[in-house]
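Observations on the three-dimensional arrangement
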Amino acid sequence: MSEPFDAVDVIRTKRDRGVLSDEQVDWVVDAYTRGAVADEQMSALAMAILLNGMQRAEIARWTQAMIATGERLDFGRLSRPTADKHSTGGVGDKITLPLAPLVAACGVAVPQLSGRGLGHTGGTLDKMEAIPGWRADLSNEQMMRQLEDVGAVVCAAGAGLAPADKKLYALRDVTGTVESIPLIASSIMSKKIAEGTGALVLDVKVGSGAFMKDLDDARELAESMVALGKDAGVTTVAVLTNMQTPLGLTAGNALEVRESVEVLAGGGPGDVVELTVTLAREMLAAAGRDDVDPADALKDGRAMDVWRQMVRAQGGDPDAELPTAKETHQVLAQGDGVVTQLDALKVGVAAWRLGAGRARKEDPVQAAAGVEIHAKPGSEIRSGEPVLTLHTDTPERFGRALEALDGAVTIMPAGSRPDLLPLVIDKVR
Ligand code: URA
């Protein structure tokens, strides 16, 4: 079949800082997905986009072109409105686990199509799979039924949504072209728009443990995604949140499930509770239900009831013992004072090296591996007290995890104050 464009012309246009036409965008995304544009040509184009950027209309067209390569789901027949949350990824970010049942308990259905972790940020499916018996793979019909009956579902995104993104993301991963705001925004939003949610809340993380280390970049990404959502008719809000230090007191799959269940039981760390309730309020408001207060549903056990139904509906046993690691190792404070910094990236890399995450997408993960935090920034500590406990089934991993933690904890004299950004930094509507 003869092609209407030449890939080299499209690459040259972007290389020379030009604007791609709608027809060029539609063609190059489709042709790459069906194999008519080669990987090396798409790598060159992705690099030109990373270096020279895209205009708002180009990003919107690129996103629509990626959606058009696959199927679109439709939640229109459900008896309640839908709202989804997407986080750009961080260390100890287990918020989906308490959030999905909490929002469902307040009358809004939550289709949470999730992924597995890669690198130092964990994946929601890996966390849920720490629950004995729980399975991630559901058909579209099973997902719809669970959304109607229980109100919340966490499951693997099927291969049918935005297949162009799957292929392009794998290519970007090996060509140094992940860190492009237009490509990140279109990648995330193509999947969320194709999924068919009515409302979307984006948790855009900022700080050492996040994709976006810098507040201005995070804000630009948030604004780009909010515009894409609105253009596609999805009520979209972004919350910029702090990922300088890990969220909560655990990073690692089973450890994070345990902490999430504590939150659902009305306890748990203050930052996890605060972010869960903040995002729940935004999701409910975006879905038109700002008349209900999610804090009540967390306190009175309604969210816990939905969690138990949600776990059971996918074969899991909410009462089963969670796996615990065979070996632990404590990291002790080297002096008296106040913890002023606990670096999210270093903790994330340590959890990954202990076995909680994977380097390649086919690697297995250890359910029980990870890092438990005893002293967050702001805590007073005395020399010799534990700051962290490392968990793994394979103790030969402790050495590399400890190397990753070099310089992770800063302790300053008593009376010092940590220089912390607030947990919720800003909102973009
Ligand atoms: N997550 C995605 O889904 N895509 C990106 O490009 C980056 C993060």
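Here, the structure is the one placed above.
Summarised in this report is the structure supplied together with it. (Residues numbered from 1 in each chain as written. Predicted model: local features only at pLDDT ≥ 70, side-chain atom pairs only at ≥ 80, totals over all residues. Heavy atoms only, no water.)

The subject of this paragraph is the packing of helix H2 (residues 22–33) against helix H8 (residues 163–173). Contact geometry of H2 with H8 gives a least axis separation of 9 Å together with a crossing angle of 80 degrees. It follows that H2 is roughly perpendicular to H8 by the angle criterion. In this structure, H2 contributes Val 29, Tyr 32 and Thr 33 to the contact, and H8 contributes Pro 163, Ala 164, Lys 167, Leu 168 and Leu 171. Residues that form the contact of H2 with H8 fall into these classes: six nonpolar, one polar and one charged. (Axes fitted to C-alpha atoms, helices over the stretch in contact; angles between N-to-C directions. Helix = DSSP H or I, 4+ residues; strand = E, 2+ residues; numbered from the N terminus. Parallel < 35°, antiparallel > 145°, perpendicular 65-115°, else oblique. Contact = heavy atoms within 4.5 Å. Nonpolar A, V, L, I, M, F, W, Y, C, P; charged D, E, K, R; others polar.)

Before going further, it helps to examine the environment of Val 409. Inspection of the secondary structure assignment puts Val 409 in strand E12 (residues 409–412). The exposure class of Val 409 is partly exposed, given its relative accessible area of 27%. Residues Val 409 and His 120, 289 residues apart in the sequence, show an inter-C-alpha distance of 18 Å. Once residues within four sequence positions are removed from consideration, Val 409 is found in contact with Val 339, Gln 341, Leu 342 and Val 387. (Buried < 20%, exposed > 50% of the residue type's maximum accessible area, 1.4 Å probe, protein only.)

Located in the positive-phi region is Arg 17, a residue other than glycine, with phi close to 65 degrees. Following the sequence through the fold, Arg 17 ends up in the loop between helix H1 (7–15) and H2. By relative accessible area, which is 67% here, Arg 17 ends up exposed. The phi angle at Ala 162 is positive, at roughly 45 degrees, despite the residue not being glycine.

Turning our attention to empty space enclosed by the protein. The full count for this structure, using the stated rule, is one cavity of 30 Å³ or more. Forming the walls of the largest cavity are 17 residues, and the residues nearest its centre are His 120, Gly 122, Gly 252, Ala 351 and Ala 356. When residues of the lining of the largest cavity are traced back to their parent elements, those giving at least two are helix H11 (253–264) and helix H15 (344–356). Considering every element that reaches the lining of the largest cavity, the biggest residue donor is H15, with four residues. Partitioning the lining of the largest cavity into residue classes produces five nonpolar, ten polar and two charged. (1 Å grid on protein atoms, 1.4 Å probe; cavity = no way out; pocket = protein on both sides within 12 Å on 5 of 7 lines; lining within 4 Å. Points joined across faces, edges and corners; volume = space filled by probe spheres on them.)

Moving on, we get to helix H4 (residues 56–67). Residue pairs three or four apart in sequence face the same way in an α-helix, which turns once every 3.6 residues. Taking 1.5 Å per residue as the helical rise, H4 with its twelve residues ought to reach 16 Å, and the 17 Å between its terminal C-alpha atoms agrees with that figure. Residues Glu 58, Ile 59, Ala 60, Trp 62, Thr 63, Ala 65, Met 66 and Ile 67 constitute the buried set of H4. Where H4 is buried, its residues touch H1, H2, helix H3 (39–52), H8, helix H9 (181–195) and helix H10 (215–231). (Expected span 1.5 Å × (residues − 1).)

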